[in-house]
Amino acid sequence: MVLFLCSERKSMAEKILMIGSNGQIGTVLSKELRKKYGGDNVICSDIREPIKSADPFLIIDVLDKAKLQSIIHDHSITQIYHLAALLSAKGEQNPELTWKINMQGLLNVLDLSVQENVKKVFFPSSIAIYGPTTPKINTPQYASFQPTTIYGISKIAGEMWCEYYYKRYKLDVRSIRYPGVIGWQSLPEGGTTDYAVEIFHAALKSGHYDCFLAEHTALPMIYMDDAIRATLELMEANAESITVRTSYNLVGMSFTPGEIYSVIKNKIPNFTIQYKPDFRQKIAESWTESIDDSYARKDWGWKPNYDLDKMCEDMIAHLKQ
Ligand code: SER
């Protein structure tokens, strides 16, 4: 009887919990979800208060399973977007902590989702799952993945756990392997692809950028608008059309620091750059250059709208404002 009432209540309206909502993607995705589902139906959460108020907001440490459970239960949560993680560059500074947050955090979310009858879970994976044994050009959906960073290891293990929960408990977990995400709305933190956002801010503020990657290192990227749209399209797709329960390959564009520099320089002629590769260069070199995302295209109609030129134009226009 209780179960019946619970599922009846859950079918009436979606109630979404976002964990890690202060981050680069969460900041933007939470706004889109609120537009779609209504402000009160999207609860944002993070380990710190956000800079700009994001009501309703709760302080949640994903490692505090008891608190997480009571929030999921008390708010009758139907969907969880679990975005809390330490990224590739920052993760290397504290591998143990990164493993704990990225792995135990996900296991808490998966386990509580089954216990509390959550209908859908979103888990972000990453291009960081690729490694030296992965084909570098047009990386296929299924290949050899032997990542070199603890972040990448936690994401590939996370993908496997998601598939396991889907197969064993029928938990509807969906996931995207995000490339580097570029947007004007928020700043990334602790990643190897962060240069592609920093470069715009530097171009407009000081007219010079010291790039921590080498000139010819190509990486897969995506514009924020496309990344958010992809996430929503995947989460709204019919469950039967989702054939990948680990995580979908996805890409918007691929470019090198040298290529993005020359597009920006066309628009800001005095802009200068110096290449000063640091430890992140090695991480970038272990990833791939371009990606085959045909599974996402076939299963749920994925198609990016932004290429390098269009993205640079939109970034600069917004940041100038
Ligand atoms: N943007 C991430 C990073 O650079 C990759 O998913 O770590």
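What comes next is a walk through the structure.

What counts and what doesn't
- Residue indices follow the written sequence of each chain, beginning from 1 at its first position.
- Whole-chain, interface and lining totals are the exception, using all residues; otherwise, since this is a predicted model, local features are given only for residues with pLDDT of at least 70 and side-chain atom pairs are given and counted only at 80 or more.
- Computation of side-chain values covers all heavy atoms of the structure but excludes hydrogens and water.
- We count a stretch as a helix when DSSP gives it H or I for four or more residues in a row; a strand needs E for two or more, and each element gets its number in order from the N terminus.
- With C-alpha atoms as the basis for the radius of gyration, the globule rule is written as 2.2 Å multiplied by the number of residues raised to the power 0.38.
- Here's how the labels work: a residue is buried when its accessible area is under 20% of the maximum for its type, exposed when over 50%, partly exposed in between, all with a 1.4 Å probe on protein chains only.
- Throughout, a contact is declared for two residues whenever any of their heavy atoms are within 4.5 Å.
- Residue exposure ignores everything except the shown protein chains as possible cover, and the areas themselves are Shrake-Rupley values with a 1.4 Å probe.
- Charge counting follows a simple rule: Lys and Arg are positive, Asp and Glu are negative, and His as well as the terminal groups are ignored.
- Where a charge lies is defined by one atom per residue type: Lys uses NZ, Arg uses CZ, Asp uses CG and Glu uses CD.
- In this text, near means that some heavy atom of the residue lies within 4 Å of the molecule or strand in question.
- What qualifies as a polar contact is a pair of N or O atoms within 3.5 Å, subject to a donor-acceptor requirement within protein and to the restriction that residues adjacent in sequence count only when both atoms come from side chains.
- For this scheme, ten residues count as nonpolar: Ala, Val, Leu, Ile, Met, Phe, Trp, Tyr, Cys and Pro. Four count as charged, namely Asp, Glu, Lys and Arg, and the remainder, Gly too, count as polar.
- The criterion for strand pairing is that DSSP finds at least two bridges linking the strands in question.
- All axes here are fitted lines through C-alpha atoms, helices being fitted over the stretch that makes contact, and every angle between N-to-C directions spans 0 to 180 degrees.
- Take the buried residues of types Ala, Val, Leu, Ile, Met, Phe, Trp, Tyr and Cys, join any two whose side-chain atoms come within 4.5 Å, and each joined set is a nonpolar core.
- In this analysis the probe radius is 1.4 Å and the grid spacing 1 Å, with only protein atoms considered; a cavity is a set of points the probe fits into but cannot get out of, a pocket is an open set with protein on both sides within 12 Å along at least five of seven lines, and lining residues have an atom within 4 Å of a point.
- Grid points are joined across faces, edges and corners, and a volume is the space filled by probe spheres set on the points.

The number of helices and strands found in the protein is 12 helices and 12 strands. Taken over the C-alpha trace, the protein has a radius of gyration of 19 Å; the compact-globule value for 321 residues is 20 Å, and the two agree within 12%. On the principal axes, the C-alpha backbone points of the protein span a range of 70 × 45 × 40 Å. Across the 321 residues of the protein, 55% fall into the buried class. Within the protein, contacts between residues at least 6 apart in sequence are counted, and of these 80% link residues at least 24 apart. In the form shown here, the protein has an accessible surface area of approximately 14300 Å², with 53% of it arising from carbon and sulfur atoms. Taking the average place of the 35 positive charges on the side chains of the protein and the average place of its 38 negative ones, the gap between the two points comes to 2 Å.

The full set of residues close to the ligand is L87, S88, S126, Y151, Y178, G191, T192, T193 and W287. In the environment of the ligand, an oxygen atom lies 2.6 Å from a nitrogen or oxygen atom belonging to the side chain of S88. Between the ligand and the protein, one listed contact pairs a nitrogen atom with a side-chain N or O atom of T193 at 2.8 Å. In the complex, 93% of the free accessible area of the ligand, which totals 240 Å², lies under the protein chains. When its residues are assigned to classes, the shell around the ligand shows four nonpolar, five polar and no charged.

Turning next to the sheet that holds strand β7 (residues 180-182). Strand pairing in a sheet relies on backbone hydrogen bonds. The paired strands run either parallel or antiparallel. On the basis of which strands lie adjacent, the open sheet formed by three strands has the order β7-β9-β11 and mixed pairing. Of all the strands in the sheet, the pair left with one neighbour each is β7 and β11 (253-255). When strand polarity is set aside, the average angle formed by the axes of neighbouring strands in this sheet is 40°. Relative to β11, strand β9 (residues 219-223) runs antiparallel, the two being bridged by three bridges.

Moving on, we come to the nonpolar core. Membership of the largest hydrophobic core comes to 42 residues, with the highest contact counts inside it found for I182, Y195, F200, F255, I260, I264 and M311. Of all the elements in the fold, those that place two or more residues in this core are α6 (150-169), α7 (195-205), β8 (208-211), β9, β11, α9 (257-267), α10 (280-286) and α12 (308-320). Ranked by residue count, the leading element in this core is α7, at seven residues. When residues no more than four places from it in sequence are discounted, the contact partners of F255 are I182, Y195, A196, T217, A218, L219, M221, I260, L308 and M311.

What follows is about the sheet that holds strand β10 (residues 248-249). Read from one edge of the open sheet, seven strands run β3-β2-β1-β4-β5-β6-β10, paired in parallel fashion. Looking at the sheet topology across the chains shown, the edges are occupied by β3 (57-59) and β10. Where strand β6 (residues 172-178) lies against β10, two bridges are found, and the strand directions are parallel. Bridge pairing links I176 to Y248 in β10. Its contacts with the sheet put helix α3 (residues 65-74) on β1 (16-19), β3 and β4 (79-82), and the angle it makes with β1 is roughly 155°. Against the sheet, α6 touches β5 (120-126) and β6, its axis set at about 145° to β5.

Moving on: empty space enclosed by the protein. Tallied over the full model, the rule gives one cavity of 30 Å³ or more. Its boundaries defined by the atoms lining it, the largest cavity holds a volume of some 50 Å³. As for the largest cavity, its lining consists of H82, A84, A85, N102, L106, F123, P124, S154 and K155. For the lining of the largest cavity, the secondary structure elements donating two or more residues are α5 (95-115), β5 and α6. Considering only residue class, the lining of the largest cavity consists of five nonpolar, three polar and one charged.

Phi is positive for S76, close to 45°, though the residue is something other than glycine. Residue position: S76 is located in the loop between α3 and β4. One non-glycine residue, N117, adopts positive backbone phi at about 60°. Its place among the elements puts N117 in the loop between α5 and β5.

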